[in-house]
Amino acid sequence: MLASGSSHKLAEFRRVFEGSRVRLLSPVELGCQCDVDESGETFAANARLKAVAYARACRWWSLGDDSGLEIDALNGAPGIRSSRFAGPAATDDDRNTRVLEILTDVAQDDRTARYRCAVAVADPQGVIAFEMEATVEGVIGHAPSGDGGFGYDPLFIVGPGNTTMAELPGVAKDVISHRGQGGRAARAFLERVLLRAGA
């Protein structure tokens with residue numbers, strides 16, 4: 001199960017798991033809910049907290065992730081506070097607007113950034129069985145572009161040219177994205193463990 005109530009994350013991870021004999025379920029589909037205090041100081045710590053909490057609450061193999069944007073000109077901010085960067089009630093648009101305001105006078109060459117994703121897999125007893133981190137490098141644009149993805153995707157330019165994550169088709173995004181990399185690694189681990197055990 002995915003240790004998250006986010007429909008956006010569920011959609012991205014499910015694309016990565018497409019074609020696998022391991023089926024990725026949501027907590028709602030399992031009739032199980034869990035509130036997690038994301039009190040970790042790193043993405044990895046928060047991914048572990050989510051995976052363990054959901055696994056223990058639902059007695060199910062659990063895939064937790066924590067991810068966000070690190071901007072070099074902001075000393076790595078918003079980092080683990082990416083979803084709360086513009087306040088607890090802020091929307092994606094609010095957060096993107098806040099980033100652009102702070103970077104108004106920052107030159108293009110100094111707008112380097114990366115998406116970071118930490119994934120952790122816990123067994124049904126809540127024991128961490130697998131974890132890893134993945135990143136994708138890019139730069140922050142001067143205006144939002146594209147209507148795909150979520151979060152900071154409309155600002156995050158990847159590869160040559162000025163293509164943002166929000167302008168990439170979902171499958172193309174998964175090939176290079178931090179969450180795509182983490183999801184593929186978690187999928188490979190779960191296939192080895194669960195399919196071998198006949199679970």
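Residues numbered from 1 in each chain as written. Predicted model: local features only at pLDDT ≥ 70, side-chain atom pairs only at ≥ 80, totals over all residues. Heavy atoms only, no water.

1. Here's the deal with the overall build of the protein
- Of the regular secondary structure elements, the protein holds five helices and four strands.
- Listing every helix and strand of the protein by position from the N terminus yields α-α-β-α-β-β-β-α-α.
- In terms of overall size, the protein behaves like a compact globule, its C-alpha atoms giving a radius of gyration of 17 Å where 199 residues would be expected to give roughly 16 Å.
- Taking the principal axes of its C-alpha atoms as reference, the protein extends roughly 55 × 30 × 25 Å.
- In the form shown here, the protein has an accessible surface area of approximately 9600 Å², with 50% of it arising from carbon and sulfur atoms.
- Distance between charge centroids for the protein: 8 Å, based on 22 positive and 27 negative side chains. (Helix = DSSP H or I, 4+ residues; strand = E, 2+ residues; numbered from the N terminus. Rg over C-alpha atoms; globule rule 2.2 N^0.38 Å. Areas by Shrake-Rupley, 256 points an atom, 1.4 Å probe, with all protein chains shown as cover. Lys, Arg positive; Asp, Glu negative; His and termini not counted. Charge placed at Lys NZ, Arg CZ, Asp CG, Glu CD.)

2. Quick word on the side chain of Asp 123
- Secondary-structure assignment places Asp 123 in the loop between strand S2 (112-122) and strand S3 (128-140).
- Although Asp 123 lies buried, it forms no salt bridge, and the closest oppositely charged side chain, Arg 59, sits 7.1 Å away as judged by the N-O distance.
- Among the polar contacts made by the side chain of Asp 123, one reaches the main-chain amide nitrogen of Gln 125 at a distance of 2.9 Å.
- Those residues within four positions of Asp 123 in sequence are excluded, and the remaining contacts are Ala 55, Trp 60 and Trp 61. (Buried < 20%, exposed > 50% of the residue type's maximum accessible area, 1.4 Å probe, protein only. Salt bridge = Lys/Arg side-chain N within 4 Å of Asp/Glu carboxyl O. Polar contact = N/O pair within 3.5 Å; in protein donor to acceptor, adjacent residues only side chain to side chain. Contact = heavy atoms within 4.5 Å.)

3. Looking at helix H1 (residues 7-17)
- Those residues of H1 that sit buried are Lys 9, Leu 10, Glu 12, Phe 13, Val 16 and Phe 17. End-on, the buried residues of H1 take up no more than an arc of 165 degrees, which puts them together on one face.
- Sitting at the amino-terminal end of H1 is Ser 6, which places a side-chain oxygen 3.4 Å from the backbone nitrogen of His 8.
- Remark: Gly 19 follows H1 within two positions and exhibits a positive phi of approximately 90 degrees. (Arc of directions from axis to C-beta.)

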